[in-house]
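# A look at the structure
What follows is each chain in one-letter form.
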Amino acid sequence: MKKHVVLYKKLSPALLAKLQDAADVTFIDEPKRDNLQRLREALPSADGLLGASIKLDPALLDLAPKLKAIASVSVGVDNYDLDDLTRRGVMLCNTPDVLTETTADTGFALVLATARRVVELASLVKAGQWTRSVGPAHYGTDVHGKTLGIVGMGRIGEALAQRGHFGFGMPILYHSHSPKPAVDQRFAAQHCSLDDLLARADFVCLTLPLTPQTEGLIGTRELGLMKPGAILINISRGKVVDEAALIETLRHRRIRGAGLDVFEREPLNHDSPLLKLDNVVATPHIGSATEETREAMAACALDNLLAALRGERPGNLVNPAVLK
Ligand code: DGY
């Protein structure tokens, strides 16, 4: 008998056909946080789940006694309680690697956009306000040759370092649990404490996952250590930064600006003070949002799920303890 998969992320026709070959599929189009009724109805017979962006809390998981595997179409797994899933015997898989380069591109897009004020000045042109050549009031700051500070030297951190070092001649500082000799050697990078990095970097890029240890990592004290001309880039998770503290810092121009792809609450409220600040570039969590990468992520998640449902050890298993 075919397994039952609840799909809550749109798949391309080719991937959907592959899934339908292997399983009976219930598709739920973008369940909203406040409207999970269809998901609740489908969970009791679900063997597998495939999707992203939904917090599967214990009350939802209690409705899914047959559940064997969740394939998250994301690298981040902060939406899941790993211990709880392991206790329930549910495998969780994510989609690392395939999004590394694209997410690093997003990080660099924010570096360039904030430093060179691309969004602000492009809107001025569109508004018909380009009436004479640009003067000091609209100058940006250089990116090449400046110091790039990377907080969290995982795959995405390395891809940023590669861009900064080889593309823009930037000295690289990084903060992570421990030094990475291969990174030091390849990018002439220097491992340092968080405080040291904050005090020395011209661009502080956050690339680390959200965990209880990283939540609120960057608050008033840490922002206060940054140089007045420095720029904060966040492509990790909004909650790594104390958003209220960041708003105050930016409002008083204690740092030059911020490029933010992620926020404490998403979608960002349209009355967020962040949207009123001209030294902020805000994007709608587009780290991995290209056609190619989203397709690769979905394909990866699908392969993970199908392997798990066949009784094999799936790729990218986040909670291997479940198999013990
Ligand atoms: C991820 O894969 O975790 C990205 O942030 C998209 O959610």
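Note that the structure is predicted; figures quoted are calculated from it, not measured.

About the criteria used
- Residues numbered from 1 in each chain as written.
- Predicted model: local features only at pLDDT ≥ 70, side-chain atom pairs only at ≥ 80, totals over all residues.
- Heavy atoms only, no water.
- Domains from an automatic or database assignment.
- Contact = heavy atoms within 4.5 Å.
- Buried area = accessible area lost by both parts, 1.4 Å probe.
- Salt bridge = Lys/Arg side-chain N within 4 Å of Asp/Glu carboxyl O.
- Polar contact = N/O pair within 3.5 Å; in protein donor to acceptor, adjacent residues only side chain to side chain.
- Near = heavy atom within 4 Å.
- Areas by Shrake-Rupley, 256 points an atom, 1.4 Å probe, with all protein chains shown as cover.
- Nonpolar A, V, L, I, M, F, W, Y, C, P; charged D, E, K, R; others polar.
- Patch = residues over 30% accessible without salt bridge, like charges linked within 9 Å, V, L, I, M, F, W, Y side chains within 5 Å.
- Buried < 20%, exposed > 50% of the residue type's maximum accessible area, 1.4 Å probe, protein only.
- Helix = DSSP H or I, 4+ residues; strand = E, 2+ residues; numbered from the N terminus.
- Expected span 1.5 Å × (residues − 1).
- Pairing = 2+ DSSP bridges.
- Axes fitted to C-alpha atoms, helices over the stretch in contact; angles between N-to-C directions.
- Parallel < 35°, antiparallel > 145°, perpendicular 65-115°, else oblique.

## Quick word on the domain arrangement of the protein
Partitioning the protein into domains gives domain 1 (3-96 + 291-323) and domain 2 (100-282). Spacing between the C-alpha centres of domain 1 and domain 2 amounts to 32 Å. Each partner contributes residues to the interface: domain 1 has five residues there, and domain 2 has seven residues. Summed over both partners, the interface of domain 1 with domain 2 buries about 530 Å², with 41% contributed by carbon and sulfur atoms. Here Asp 78 ties to Arg 237 by a salt bridge, and the two come within 2.9 Å at their closest N and O atoms. Counting every contact that joins domain 1 to domain 2 gives two residue pairs in polar contact (both at pLDDT 80 or more).

## Regarding the site of the ligand
Neighbouring the ligand are the residues Ser 74, Val 75, Gly 76, Leu 99, Arg 237, His 285 and Met 297. When the ligand sits alone it has 230 Å² of accessible area, and the protein chains cover 82% of it. Residue composition of the shell around the ligand, by class: three nonpolar, three polar and one charged.

## A few points about a nonpolar patch on the surface
A cluster of nonpolar side chains, contributed by Val 125, Trp 130, Val 134 and Tyr 139, occupies part of the molecular surface with about 440 Å² of accessible area. Classification of Trp 130 as exposed rests on a relative accessible area of 58%.

## Brief notes about unusual backbone geometry
Across residues other than glycine, the phi torsion is negative in most instances, and most of the peptide bonds are trans. The linkage connecting Glu 266 with the following residue, Pro 267, adopts the cis geometry, with an omega of -5°. Topologically, Pro 267 is positioned in the loop between β11 (257-260) and β12 (280-282). Even without a glycine there, the phi angle at Ser 53 is positive, about 70°. Taking the relative accessible area as the measure of exposure, Ser 53 reaches 61% and is therefore exposed.

## Side note on helix α5 (residues 100-115)
For α5, with 16 residues, the first-to-last C-alpha span of 23 Å sits near the 22 Å given by 1.5 Å per residue. Burial runs high along α5: twelve of the 16 residues are buried. Here α5 has its buried residues at Thr 100, Thr 102, Thr 103, Ala 104, Thr 106, Gly 107, Phe 108, Leu 110, Val 111, Ala 113, Thr 114 and Ala 115. Two residues or fewer after α5 comes Arg 117, characterised by a positive phi angle close to 55°.

## Quick notes on the sheet that holds strand β2 (residues 23-27)
Taken in spatial order, the five strands line up as β2-β1-β3-β4-β5 in an open sheet, and their pairing is parallel. Strand pairing shows two members of the sheet lacking a second neighbour, β2 and β5 (91-93), which therefore form its edges. Across the sheet, the axes of successive neighbouring strands diverge by a mean angle of 20°, strand direction being ignored. As judged from the three bridges shared by strand β1 (residues 3-7) and strand β3 (residues 48-51), these two strands associate in the parallel manner.

## Side note on the packing of helix α1 (residues 13-22) against helix α12 (residues 291-309)
The relative placement of two packed helices comes down to the angle between their axes together with the axis-to-axis distance. One can describe the packing of α1 onto α12 by two numbers: an axis separation of 10 Å at closest approach and a directional angle of 10°. The pairing of α1 with α12 is recorded here as roughly parallel in orientation. Every residue of α12 that contacts α1 at Leu 15, Lys 18, Leu 19 and Ala 22 is listed here: Glu 295, Ala 298, Ala 299, Leu 302, Asp 303 and Leu 306. Here the contact of α1 with α12 is built from residues that sort into seven nonpolar, no polar and three charged.

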